[in-house]
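Remarks on the overall topology
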Amino acid sequence: MKTIFQHIKGDKAIWAIVAALAIFSFMPVYSASTNLVYVVGSGSTLGYLLKHMVLLIMGFAIIYGVHKIPYRYFSGGSVLMLPIVIVLLVFTLAQGTTIGGANASRWINIPFVGIGFQTSTLAGLVLMVYVARYLAKNKEKEIKFKESLWQLWLPVAAVLILILPANFSTTAIIFTMILLVVFVGGYPLKYTGFILGAGILALVFFVLVAKAFPDAMPNRVQTWQNRIENFSDADSKEAYQVQKAKIAIATGGAIGVGPGKSVQKNFLPQSSSDFIFAIIIEEYGLVGGFIIVSIYFLLLFRIFVVIRKTTTIFGTLLVLGAGLPIVFQASVNMAVATNLFPVTGQTLPLISSGGTSIWMTCFALGMILSVSASKQETEEDILDDNPLNILHETI
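Residues numbered from 1 in each chain as written. Predicted model: local features only at pLDDT ≥ 70, side-chain atom pairs only at ≥ 80, totals over all residues. Heavy atoms only, no water.

**Overview of the overall build of the protein**
Across its full length, the protein carries 16 helices and two strands. In the protein, which comprises 395 residues, the share counted as buried stands at 50%. When contacts within the protein are restricted to residue pairs at least 6 apart in sequence, those whose partners lie at least 24 apart make up 74%. Looking at the protein as shown, the accessible area adds up to about 18900 Å², and 68% of this sits on carbon and sulfur atoms. (Helix = DSSP H or I, 4+ residues; strand = E, 2+ residues; numbered from the N terminus. Buried < 20%, exposed > 50% of the residue type's maximum accessible area, 1.4 Å probe, protein only. Contact = heavy atoms within 4.5 Å. Areas by Shrake-Rupley, 256 points an atom, 1.4 Å probe, with all protein chains shown as cover.)

The structure is reproduced here in structure tokens:
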């Protein structure tokens, strides 16, 4: 055991938090998967649990492997990965899986493995690192808006436009996080306001085009509209999912009905992924829900501890860009389950079942741990790294 800990570097509290969330997730996933087994009629509860455990073990392997990489490699690596990500997003839109006949192309199937890969999660992570690289390289320079449009915002816009048709909530989260990172990174506020306005105009234009040509993207804009209307209109009939989630939370009370004894898991769609927080509260009560919220806030606190100890601008922005989306996504998921936010389809990081979200969360945590493990990096070492040199070293 001692030799294992000798190989683990970086913030030990983050390692403990990740382990706690992973271990806690076993029972809720095992319990909630009965919906898929007995209602949908696919697989077995033990099979879903084993799959979840394997995905988490692979996730820990990703964290371990990534945290051993000097974080300066991520700077140039983001430049190499950006065109690959754009190609993957185009391929996903063209060939991706649809859900229930709706045009929600988000996944591509990984050959020989049988697991769907959600390319938008990889794209968001790569984009965050790319933005951190740009801001760090230009920290001591006067940023010219026209140059930043080509070097920073054109790649950002290309990626977000490709994610938007199938996944509005992910697009909104990535865009919000990027605006936060550029604000912290010292990008001029007047330019940030212009970009925000351009983003809103682009969304309005997309909605108008989708309304004008409904056959091109069937159901997507209508789905967003229905979700917002159901959430904002007190007199409207609530979405079925939200109704069942509220019943689950009300049934749980203070201490819950007990592990595995949830009733609403049999009626609540996506009970093992998007709405798992409602099942957790039903089975473990407000006490269980409070513990989960506290663990995510502890993760946020440790992220800021790592930021405070980081000696480079790139390292600071990398931790911010990789870490905040995890906590933000968790907050959105829990807000949806408690009817504080419209339904979005965001999973609860490290707890919900699903492959891609677990792996990308683990990759982001690995990068954070790489930064926290580093002691001697300088800004010059990082920003002078040529992406092609990194590729050569890797090969």
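**Some remarks on the nonpolar core**
In this structure, Trp 153, Ile 178, Tyr 187, Leu 348 and Leu 365 are the most contacted members of the largest nonpolar core, which totals 102 residues. When residues in this core are grouped by element, the largest group, 15 residues, is from helix α12 (residues 276-309). (Core = buried A, V, L, I, M, F, W, Y, C linked by side-chain atoms within 4.5 Å.)

**A few points about the packing of aromatic side chains**
Scanning all chains against the criterion turns up six aromatic pairs. Ring geometry for Tyr 71 against Phe 314: centres 6.2 Å apart, planes inclined by 15°, an arrangement best described as stacked. Of this pair, Tyr 71 sits in the loop between α4 (45-67) and α5 (72-95) while Phe 314 sits in helix α13 (residues 313-337); the two residues are 243 residues apart in sequence, bridging distant segments of the chain. Comparing Tyr 71 with Phe 314 shows no difference in burial state: the two are buried. Grouped by ring-pair contacts, the aromatic residues Phe 145, Trp 153, Tyr 187, Tyr 191 and Phe 194 constitute a single cluster. (Phe/Tyr/Trp six-rings, centres within 6.5 Å; stacked < 30°, edge-to-face > 60°.)

**A short note on the pattern of salt bridges**
When their charged atoms lie close together, side chains carrying opposite charge are able to pair. Within the structure shown, the criterion is met by one salt bridge. Between Arg 302 and Asp 11 there is a salt bridge, and its shortest N-O distance comes to 2.6 Å. Highlighted residues: Arg 302 in helix α12 and Asp 11 in the loop between α1 (2-7) and α2 (12-32), separated in sequence by 291 residues. Per residue, the accessibility class of Arg 302 equals that of Asp 11, and both read buried. (Salt bridge = Lys/Arg side-chain N within 4 Å of Asp/Glu carboxyl O.)

**A look at unusual backbone geometry**
Working note: non-glycine residues mostly have negative phi, and peptide bonds are mostly trans. One non-glycine residue with positive phi stands out, namely Asn 339, at about 60°. With respect to the helices, strands and loops of the structure, Asn 339 is situated in the loop between α13 and α14 (355-373). In the Ramachandran plot, Leu 350 falls in the positive-phi region, its phi being about 70° despite a non-glycine side chain. Within the secondary structure, Leu 350 is located in the loop between α13 and α14.

**Observations concerning helix α7 (residues 145-163)**
At Trp 153, α7 shows its strongest bend, of approximately 45°, with the proline Pro 155 following within four residues. Turning to α7, its buried residues are Phe 145, Ser 148, Leu 152, Trp 153, Pro 155, Val 156, Val 159, Leu 160, Leu 162 and Ile 163. (Bend = angle between axes of the 7 residues up to and from the residue.)

**Some words on the environment of Cys 362**
Inspection of the secondary structure assignment puts Cys 362 in helix α14. The spatial distance from the C-alpha of Cys 362 to the C-alpha of Ile 62 is 6.3 Å, given a sequence separation of 300 residues. If we ignore the near neighbours within four places in the chain, the residues touching Cys 362 are Gly 59, Phe 60, Ile 62, Ile 63 and Leu 350.

**Some points on the environment of Gly 256**
Relative to the helices and strands, Gly 256 resides in the loop between α11 (240-252) and α12. Separated by 29 residues in sequence, Gly 256 and Gly 285 place their C-alpha atoms 3.7 Å apart. Not counting the four nearest positions on each side in its chain, Gly 256 is found in contact with Ile 281, Glu 282, Glu 283, Tyr 284 and Gly 285.

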